[in-house]
Amino acid sequence: MSNEHLEPENEDNGDQATSLDPKIAHHSTYIDETKRILQAYTESESYDELERMVVEDNILNKNTDEYRTNILREVTRRHIPSKEDYTETPLMRVLSTDVRSDVADWCLYYEFAQDPFIRLITIEFLYPEFQRGTLSIQAEDIVTFLKSIKDDYADLRDRSDSTINEAATKYLTSLRNFGLLEGRQRKEFAVTYIPDETIAYVVYRLFDDEASSASDVIEHDDWKLFLMDESEVQRRIRDISPQYINYEKRGSTERLRMKHETIDKLIDAF
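Cut-offs and rules
- Residues numbered from 1 in each chain as written.
- Predicted model: local features only at pLDDT ≥ 70, side-chain atom pairs only at ≥ 80, totals over all residues.
- Heavy atoms only, no water.
- Salt bridge = Lys/Arg side-chain N within 4 Å of Asp/Glu carboxyl O.
- Helix = DSSP H or I, 4+ residues; strand = E, 2+ residues; numbered from the N terminus.
- Buried < 20%, exposed > 50% of the residue type's maximum accessible area, 1.4 Å probe, protein only.
- Expected span 1.5 Å × (residues − 1).
- Pairing = 2+ DSSP bridges.
- Axes fitted to C-alpha atoms, helices over the stretch in contact; angles between N-to-C directions.
- Parallel < 35°, antiparallel > 145°, perpendicular 65-115°, else oblique.
- Left-handed = near helix turned anticlockwise from the far one by under 90°.
- Contact = heavy atoms within 4.5 Å.
- Nonpolar A, V, L, I, M, F, W, Y, C, P; charged D, E, K, R; others polar.
- Core = buried A, V, L, I, M, F, W, Y, C linked by side-chain atoms within 4.5 Å.
- Patch = residues over 30% accessible without salt bridge, like charges linked within 9 Å, V, L, I, M, F, W, Y side chains within 5 Å.
- Areas by Shrake-Rupley, 256 points an atom, 1.4 Å probe, with all protein chains shown as cover.
- Lys, Arg positive; Asp, Glu negative; His and termini not counted.
- Charge placed at Lys NZ, Arg CZ, Asp CG, Glu CD.

Student: Would you take a moment to explain the pattern of salt bridges for this structure?
Tutor: Side chains that differ in sign of charge can pair as their charged atoms come close. Counted according to the given criterion, the structure contains 24 salt bridges. Of the charged contacts, one joins E74 and R77 as a salt bridge, the two residues approaching to 2.7 Å between their closest N and O atoms. Placement of both E74 and R77 in helix α3 (residues 65-79) is noted, with a separation of three residues, approximately one turn of the helix. A salt bridge links E166 to K170; the shortest N-O distance between them is 3.8 Å. One end of the pair is E166 and the other is K170, both in helix α9 (residues 161-178) and four residues apart, which spans about a single turn. Residue E166 is classed as partly exposed on the basis of its relative accessible area, which comes to 35%. Look at the salt bridges and you will find they share partners, linking E74, R77, R78 and D115 into a network.

Take a look at the structure:
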């Protein structure tokens, strides 16, 4: 899991900048296409074969070679670590295993939301608005936020107003497609329930990445991608099926133990 911290960095010219490219402004979420592509990749274990299946065999049932190629390129950018060497990621394993669709969809959202642009807006803007009790969000609200931080990020600073406006609209559409928001012009926060399996998936991902203690997991910013605060995270982890995780809290001491040696074995238990 990419857990890039989006703190502005000082460049030699004194400007504050870091990589934050709003690629979402040019691409869809491709939820169904991502599932099909990653399933085909795990079946073939070859990127060349995957490319042939997508472009020539048209497994996505899209009209033109160019469109099929563009979808493959974007899904590859997001979810395939290397074109040369086959590597099965946890998300690929989820999508190629017979798990419930809601579990697969929320795991896919979690990985999708690691995109630095999506991650920044969700953690720094959307989550605080949700916590304040805001009922709905419009594209104009996202635009205002992006303009307020624009000078801190070179990739935003160099973008036109029309690109920023489009990126804001596509961001809200993306989160609606995944089920975190609902509505058309004015997006409202949807009532969601993240499955136990997805909670376990995130816990294992965090331990695989950088977390080394229960507090590291519970306090991690990634939960804000689901609009969950620390108390809710603690409750969900405490109540989760013991076949996945054991959580204990005695006084100020918390302990979190994995029931499976690897995330692959966890997914196989779903």
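Student: What is the right way to look at α9 in this model?
Tutor: An α-helix turns once per 3.6 residues; consequently, residues spaced three or four apart project the same way. The end-to-end C-alpha distance of α9, which contains 18 residues, comes to 26 Å, matching closely the 26 Å that a straight helix rising 1.5 Å per residue would cover. Phi turns positive one or two residues past the end of α9, at G179, with a value near 100°.

Student: Can you help me understand the pairing of strand β7 (residues 253-258) in this one?
Tutor: Along any regular strand the residues' side chains alternate between the sheet's two faces. Of the strand pairs in this sheet, strand β6 (residues 245-250) and β7 are connected by six bridges, and their pairing is antiparallel. Across the sheet, the residue bridging to I245 is M258, located in β7. Connecting β6 to the antiparallel partner β7 that follows it, the hairpin turn spans two residues, and G251 within it adopts a positive phi of roughly 65°.

Student: Got a minute to help me understand the sheet that holds strand β3 (residues 136-137) in this structure?
Tutor: Two orientations exist for strands paired in a sheet by backbone hydrogen bonds: parallel and antiparallel. The strand order across the open sheet built from three strands is β3-β5-β4, with neighbouring strands paired in antiparallel fashion. Edge positions in the sheet fall to β3 and β4 (181-182), since each of these pairs with one other strand and no more. Both β3 and strand β5 (residues 187-189) contribute to a ladder of two bridges, which runs antiparallel. Bridge pairing in β5 places S136 opposite E188.

Student: I tried to follow the packing of helix α2 (residues 47-55) against α3 on my own but got confused; where do I start?
Tutor: Think of two packed helices as two axes; the pair is described by the angle between the axes and how far apart they sit. One way to put it is that α2 packs onto α3 with a least axis distance of 9 Å and a crossing angle of 140°. Compared by their axis directions, α2 and α3 come out oblique. Considering only the axes of α2 and α3, their crossing is right-handed. In this structure, α2 contributes Y47, L50, E51, V54 and V55 to the contact, and α3 contributes D65, R68, T69, L72 and T76.

Student: What is the right way to read helix α10 (residues 196-209) from this model?
Tutor: Helix length check: α10 (14 residues) gives 20 Å between terminal C-alpha atoms against 20 Å at 1.5 Å per residue, within 8%. Regarding α10, the residues found buried are E197, T198, I199, A200, Y201, V202, V203, Y204, R205 and L206.

Student: I tried to follow the packing of helix α5 (residues 101-112) against α10 on my own but got confused; where do I start?
Tutor: One can describe the packing of α5 onto α10 by two numbers: an axis separation of 9 Å at closest approach and a directional angle of 35°. α10 is crossed by α5, and the crossing has right-handed handedness. Residues V103, W106, C107, Y110 and E111 of α5 touch α10, and the partners they reach there are E197, T198, Y201, V202, R205 and L206. Partitioning the contact of α5 with α10 into residue classes produces seven nonpolar, one polar and three charged.

Student: Where do I start with the nonpolar core in this structure?
Tutor: If you look at soluble globular proteins, the nonpolar side chains tend to sit buried side by side. Among the nonpolar cores identified, the biggest contains 85 residues, and W223 and I237 are the most heavily contacted of them. Non-local contacts of I237, meaning those with residues more than four positions away in its chain, are made with I199, V203, V217, I218, W223, I245, Y247 and L256.

Student: Just to check I follow, could you spell out unusual backbone geometry for this structure?
Tutor: Negative phi values dominate among residues other than glycine, just as trans dominates among peptide bonds. Of note in the backbone geometry, E45 takes a positive phi value of approximately 55° without being a glycine. The residue E45 is located in the loop between α1 (31-44) and α2 in this model. Even without a glycine there, the phi angle at L227 is positive, about 65°. Tracing the chain through its elements places L227 in the loop between α11 (214-218) and α12 (230-239). Under the relative-accessibility criterion, L227 is labelled buried at 6%.

Student: Could you clarify how one ought to interpret a negative patch on the surface in this entry?
Tutor: A cluster of like negative charges, contributed by D208, D209, E210, D216, E219 and E230, occupies part of the molecular surface. Structurally, D208 is set in helix α10.

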